[in-house]
Amino acid sequence: MTNKKWAVKRITVNLAVQEAEKLEQYCQETGRPATDVIRELIRGLPISGEVAKIS
């Protein structure tokens, strides 16, 4: 197994109570940590100028 080195940048996100509760509930239901959920959501964000890949 290859050991990946991550370049880490820590950020703080302020959430409304309802948003935090929704995230916590999702994490409990899926068994996934909030960091992974948020990272996946960020990776899915469209970026202007991205070329659509056609398979």
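Preceding this section is the structure that the text describes.
Just so you know, these numbers come straight off a predicted model, no measurement behind them.

**Brief notes about the overall build of the protein**
When helices and strands are counted, the protein shows two helices and zero strands. Every one of the 55 residues in the protein was classed for burial, and the buried ones make up 5%. Counting every atom, the protein has about 6,000 Å² of accessible surface; 55% of that belongs to carbon and sulfur.

**Let's talk about the pattern of salt bridges**
Two side chains carrying opposite charge are able to pair once their charged atoms lie near each other. What the rule picks out here adds up to two salt bridges. Salt-bridge contacts for Glu 40 lead to Arg 32; the nearest nitrogen and oxygen are separated by 2.7 Å. Since its relative accessible area comes to 46%, Glu 40 is described here as partly exposed. In this structure, Asp 36 engages Arg 39 in a salt bridge whose closest nitrogen and oxygen atoms are separated by 3.4 Å. Here Asp 36 pairs with Arg 39, and both are found in helix α2 (residues 34-43), just three residues apart, close to one helical turn.

**A few points about a nonpolar patch on the surface**
Together, Ile 11, Val 13 and Leu 15 line one region of the surface with nonpolar side chains, adding up to about 290 Å² of accessible area. In this structure, Leu 15 sits in the segment before α1 (17-30).

**Re α1**
Between its first and last C-alpha atoms α1 spans 20 Å; for 14 residues at 1.5 Å apiece the expected length is 20 Å, and the two agree. Of the residues trailing α1, Gly 31 is marked for its positive phi of about 75°.

Quick notes on the rules
- Residues numbered from 1 in each chain as written.
- Predicted model: local features only at pLDDT ≥ 70, side-chain atom pairs only at ≥ 80, totals over all residues.
- Heavy atoms only, no water.
- Helix = DSSP H or I, 4+ residues; strand = E, 2+ residues; numbered from the N terminus.
- Buried < 20%, exposed > 50% of the residue type's maximum accessible area, 1.4 Å probe, protein only.
- Areas by Shrake-Rupley, 256 points an atom, 1.4 Å probe, with all protein chains shown as cover.
- Salt bridge = Lys/Arg side-chain N within 4 Å of Asp/Glu carboxyl O.
- Patch = residues over 30% accessible without salt bridge, like charges linked within 9 Å, V, L, I, M, F, W, Y side chains within 5 Å.
- Expected span 1.5 Å × (residues − 1).

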